[in-house]
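A structural walkthrough
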Amino acid sequence: MAYAAFRSIGAYVPEKILTNEDLAKMVDTSDEWITKRTGIKERHIAAKDEFTSDMGLKAATKALERSGVEKDKIDMLICATISPDYFCMPSTATIIANKLGIKGATAFDVTAACTGFIYSLSIAKAFIESGMKKNVLIVGSEKLSAITDYTDRGTCILFGDGAGSAVISATDKKEEAIIDIHTGADGEYADLLMTPNGGTGSAHDSLEAESGSCFMQMKGNETFKVAVRTLTNDVKEILTENNIKSEDIKHFIPHQANLRIIKAVGDALKMREDQVVITVQKYGNTSGASIPMAINDLYEAGNLEVGEIMLLDAFGGGLTWGSALVPFSPISKL
Ligand code: UT7
């Protein structure tokens, strides 16, 4: 049987930084409020002519270089994004594949908001385990600044831009394999986090739609509560089902939405501080890119060793959620 191994990681962040002080000049907020309620100090913002695919390309190039897998061996490219280059088509995945010079591989986008990377990972795992694909390149890339309303202090303080990428390959060694992935969704909560305009569900003849607003809207406080509850339950479940204790997890890498959510879930799971990876202070919430960006930080700091188990978890618009138990299994060091 083929197993799916997490081979490599790469990421990219745009140069421009938007600080809390910058935001305080744009809306009625303060560095103190943002830091206390979210843990965020700054976030990166893509240039006007820098697209989601451009950032994804840079992250994917690094992940490929580090994987030891030749790009012509990639037979599937998945891009997790809610801020694609184009509305509906072509997918951002096909654009990234073309920019990378990958021809003929299956390529498509996944819309699962902040859970997009974990959803993509689960698709890669399923295709590899079924024998249908051998090397899957996953990209989480977001230009959230393009869909953020910078007059809404409830959302504009949270989001940032960036990309992360990973190569997942077939292996026959069970010890290298992704252990388990959970994904779920509940559309009953769809209105908590949405971009209400621009799709067939919006009234195209309304003034609101004409104004071109495809901005994100969020019921922040309600989202917060559902996030903590759902994440805690889901992570407890995946640990129990796989007979793994939280103290045996080397790296707990949650979606970086809000430091208070990360701490609440970490505490409920009795995680020690040294287990929890936190990057929200410098990148804000980058949705589908946040988990691979956090893994990349860990890797580039020299803190991710072969065989160490990462526990990933995420929660986002839809509502969607997911968790994954993933050993780091690079080819070159085995
Ligand atoms: O990644 C996908 C999932 N997303 C999330 O998980 C995000 C979840 N939500 C959150 O992170 C938090 O709910 C927020 C950071 C968005 C808001 O924090 P909160 O502690 O839930 O605040 P709140 O919405 O309950 O608002 C409390 C007060 C309100 O004022 P009043 O009504 O008490 O006078 C808000 O108007 O804080 C006010 N407020 C602000 N004040 C200063 C809201 N945003 C701001 C702001 N600066 N930026």
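To be clear, the structure that these remarks concern was listed above.
Residues numbered from 1 in each chain as written. Predicted model: local features only at pLDDT ≥ 70, side-chain atom pairs only at ≥ 80, totals over all residues. Heavy atoms only, no water.

A few words on the overall build of the chain. Of the regular secondary structure elements, the chain holds 11 helices and 13 strands. Computed over its C-alpha atoms, the radius of gyration of the chain comes to 19 Å, within 12% of the 20 Å expected for a compact globule of 334 residues. If you line up the chain on its principal axes, its C-alpha atoms span 55 × 45 × 35 Å. Looking at the chain as a whole, 55% of its 334 residues are labelled buried. Restricting to contacts in the chain with at least 6 residues of sequence separation, those with at least 24 account for 78%. Carbon and sulfur atoms make up 52% of the accessible area of the chain, which amounts to about 14,600 Å² in all. When the 34 basic and 45 acidic side-chain charges of the chain are each reduced to a single mean position, those positions are 3 Å apart. (Helix = DSSP H or I, 4+ residues; strand = E, 2+ residues; numbered from the N terminus. Rg over C-alpha atoms; globule rule 2.2 N^0.38 Å. Buried < 20%, exposed > 50% of the residue type's maximum accessible area, 1.4 Å probe, protein only. Contact = heavy atoms within 4.5 Å. Areas by Shrake-Rupley, 256 points an atom, 1.4 Å probe, with all protein chains shown as cover. Lys, Arg positive; Asp, Glu negative; His and termini not counted. Charge placed at Lys NZ, Arg CZ, Asp CG, Glu CD.)

What follows deals with the side chain of serine 91. With respect to the helices and strands, serine 91 occurs in the loop between strand S4 (76-80) and helix H4 (92-100). By relative accessible area, serine 91 is classed as buried at 16%. Once you skip the residues sitting within four places of it in the chain, serine 91 turns out to touch Ala107, Phe108 and Asp109.

Read from one edge to the other, the open sheet built from 5 strands follows the order S1-S7-S6-S4-S5, with strand pairing classed as mixed. The outermost strands of the open sheet, each flanked by one partner alone, are strand S1 (3-12) and strand S5 (106-110). If you compare each strand with its neighbour and ignore which way they point, the axes differ by 20° on average. With 9 bridges connecting them, strand S6 (residues 135-143) and strand S7 (residues 161-171) associate as antiparallel partners. Paired with glutamate 142 across the bridge in S7 is glycine 162. Sheet contacts for H4: S4, S5 and S6; angle to S4, the most-contacted strand, approximately 130°. Against the sheet, helix H11 (residues 290-300) engages S1 and S7, with an angle of about 85° to S1. (Pairing = 2+ DSSP bridges. Axes fitted to C-alpha atoms, helices over the stretch in contact; angles between N-to-C directions.)

Right, let's get into the pairing of S6. Where burial is concerned, most of S6 is hidden: 9 out of the 9 residues are buried. Every second residue of S6 is oriented toward a common face, with Asn135, Leu137, Val139, Ser141 and Lys143 on one face and Val136, Ile138, Gly140 and Glu142 on the other, all of them buried. By the bridge criterion, 5 bridges tie S4 to S6 in an arrangement that is parallel. Residue alanine 80 lies in a different strand from S6, and its bridge partner there is glycine 140.

Summed over the entire model, instances satisfying the criterion amount to 11 salt bridges. One salt bridge connects arginine 7 with glutamate 176, and the closest N-O pair in it is separated by 2.9 Å. Residue arginine 7 is located in strand S1, and its partner glutamate 176 is located in the loop between S7 and strand S8 (180-185); the two are separated by 169 residues in the primary sequence. Using a relative accessible area of 6% as the deciding quantity, one classes arginine 7 as buried. In this structure, lysine 125 and glutamate 129 form a salt bridge, with 3.1 Å as the shortest nitrogen-oxygen distance. (Salt bridge = Lys/Arg side-chain N within 4 Å of Asp/Glu carboxyl O.)

Let's shift gears to the site of the ligand. Residues in contact with the ligand amount to 23 residues; listed here are only the nearest, Thr29, Arg37, Asn221, Asn258 and Asn285. The contact in question runs from an oxygen atom of the ligand to an N or O atom on the side chain of arginine 37, over 2.8 Å. Within the contact set of the ligand, an oxygen atom lies 2.8 Å away from a side-chain nitrogen or oxygen of asparagine 221. Look at the ligand: alone it shows 950 Å² of surface, and the protein chains cover 73% of it. Those elements giving two or more residues to the shell around the ligand turn out to be helix H2 (31-38), helix H6 (153-156), helix H8 (220-241) and helix H9 (259-268). Residue contributions to the shell around the ligand peak at 4 residues, all from H8. Its residues assigned to classes, the shell around the ligand shows 10 nonpolar, 9 polar and 4 charged. (Near = heavy atom within 4 Å. Polar contact = N/O pair within 3.5 Å; in protein donor to acceptor, adjacent residues only side chain to side chain. Nonpolar A, V, L, I, M, F, W, Y, C, P; charged D, E, K, R; others polar.)

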